[in-house]
Amino acid sequence: YTILSKVHSDRNVYPSAGVLFVHVLEREYFKGEFPPYPKPGEISNDPITFNTNLMGYPDRPGWLRYIQRTPYSDGVLYGSPTVENVGKPTIIEITAYNRRTFETARHNLIINIMSAEDFPLPYQAEFFIRNMNVEEMLASEVLGDFLGAVKNVWQPERLNAINITSALDRGGRVPLPINDMKEGVYVMVGADVPFSSCLREVENPQNQLRCSQEMEPVITCDKKFRTQFHIDWCKISLVDNTKQVSTFQEVIRGEGILPDGGEYKPPSDTLKSRDYYSDFLITLAVPSAIALVLFLILAYIMCCRREGVEKRNMQTPDIQLVHHSAIQKSTKELRDMSKNREIAWPLSTLPVFHPVTGEMVPPLHTDSYDNTSMPLMQTQQNLPHQTQIPQQQSAGQY
């Protein structure tokens, strides 16, 4: 169902078109390429990362993917070759980097894509497995268990794993690092017989309604997967190529090489001069002229159109002017009188007789005394001729 091969120097592999291809880059093999610098008795566990690219180009072919989670795990090349690459050897350069010693080792992987007689398989189903990551699903034993479960519910004569895609490549989000959550993986398989009744249960109106309400559909054969694989049956895709009429142009994946567009012709060094006088007039001169005209109009309104006092008096009725003049004269007279007044203090604000002797108290000020700054009421301690009342002494002093 899949081709698994271990990395070697200039290794040739022969995958089939339309069948999943998996190639493991083992760190143990590349450890022999780097000298053991640790102390005697210590086990070398250097962090090693890989870089893969098509020979002569910076990236890999479009059908080939690569994944390595950490520098302490193996790298995996995987993908589904296309018919267009049949008969064309694809040379992949594999460069291993030792992150401790900064040394590198390079090997070549020659992929010779073969044609498959039964390709493409007419009936294809794509499953979404929620509890798996792509590198976990690429393991031969895990993928074999999944294909065995699919074969039990489908009963085909030929069953192939066509492609495996991470949910992150389909626009999925990175899961939260809690409860050992997985990112999910899409697995496409193909067979030569029509879909079984169990797989067709997803198309029932009841299950479609449950999927629209974000509820899990009822699938009778789910128990054959549930022990190891949690399948999202609402995301299953069933494609029957024998009846389906393609209404869109299928995307043909190439080798990641752009077509030859001829010799590159850079632009000429001699550029034609450009006159910016019209641009200057439009962007600066015209707005400045409009602003100057508006300023002159505003200045004329504010300075040359003012109404003076004489014009105001000419337009005001005579009786109103007389009233205004009389009010001003009266106000002026009242202000002059308030400045020159010399009025004695009211007798009601002064004591009439001495509180002890009963004698008449003379006025506190003369007629020429400036009483404008004197308060209307005086406290008892400011009064003249005030007699202090003797206080009663204690009995011990007599």
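Bear in mind the structure is a predicted one, so any value in this text is a computation, not a measurement.

Rules and cut-offs
- Residues numbered from 1 in each chain as written.
- Predicted model: local features only at pLDDT ≥ 70, side-chain atom pairs only at ≥ 80, totals over all residues.
- Heavy atoms only, no water.
- Helix = DSSP H or I, 4+ residues; strand = E, 2+ residues; numbered from the N terminus.
- Areas by Shrake-Rupley, 256 points an atom, 1.4 Å probe, with all protein chains shown as cover.
- Pairing = 2+ DSSP bridges.
- Axes fitted to C-alpha atoms, helices over the stretch in contact; angles between N-to-C directions.
- Phe/Tyr/Trp six-rings, centres within 6.5 Å; stacked < 30°, edge-to-face > 60°.
- Buried < 20%, exposed > 50% of the residue type's maximum accessible area, 1.4 Å probe, protein only.
- Lys NZ or Arg CZ within 6 Å of the ring centre and 35° of its normal.

**Q** Help me out: how do you make sense of the overall build of the protein chain in this one?
**A** If you tally the helices and strands in the protein chain, you get 9 helices and 12 strands. When the accessible surface of the protein chain is split by element, carbon and sulfur atoms take 55% of a total near 28,000 Å².

**Q** Any chance you could explain the sheet that holds strand β9 (residues 123-129) here in plain terms?
**A** Either a parallel or an antiparallel arrangement is found when strands of a sheet pair, and the pairing is made through backbone hydrogen bonds. Taken together, the 4 strands give an open sheet; going across it, the order is β10-β11-β9-β12, and neighbouring strands pair in antiparallel fashion. Across the chains shown, the open sheet's two edge strands, defined by having one partner strand only, are β10 (159-166) and β12 (237-240). Neighbouring strand axes in the sheet, compared pairwise and without regard to direction, differ in orientation by 15° on average. Sheet analysis places β9 next to strand β11 (residues 185-191), joined by 7 bridges and oriented antiparallel.

**Q** Explanation requested: the packing of aromatic side chains in the structure shown.
**A** Geometrically, a pair of aromatic rings is defined through the distance of the ring centres and the angle of the planes. Using the criterion set out here, one finds 12 aromatic pairs in the structure. Relative to Trp 233, the ring of Phe 225 lies with its centre 5.8 Å away and its plane at 75°, an arrangement referred to as edge-to-face. When sorted by exposure, Phe 225 lands in the same class as Trp 233, which is buried. In this structure an aromatic cluster arises from ring pairing among Phe 127, Phe 146, Phe 225, Phe 229 and Trp 233. Directly above the aromatic system of Tyr 186 lies the positively charged group of Arg 170, at a separation of 4.5 Å from the ring centroid. Lying over the aromatic face of Phe 128, Lys 235 brings its terminal NZ or CZ to 4.6 Å of the ring centre.

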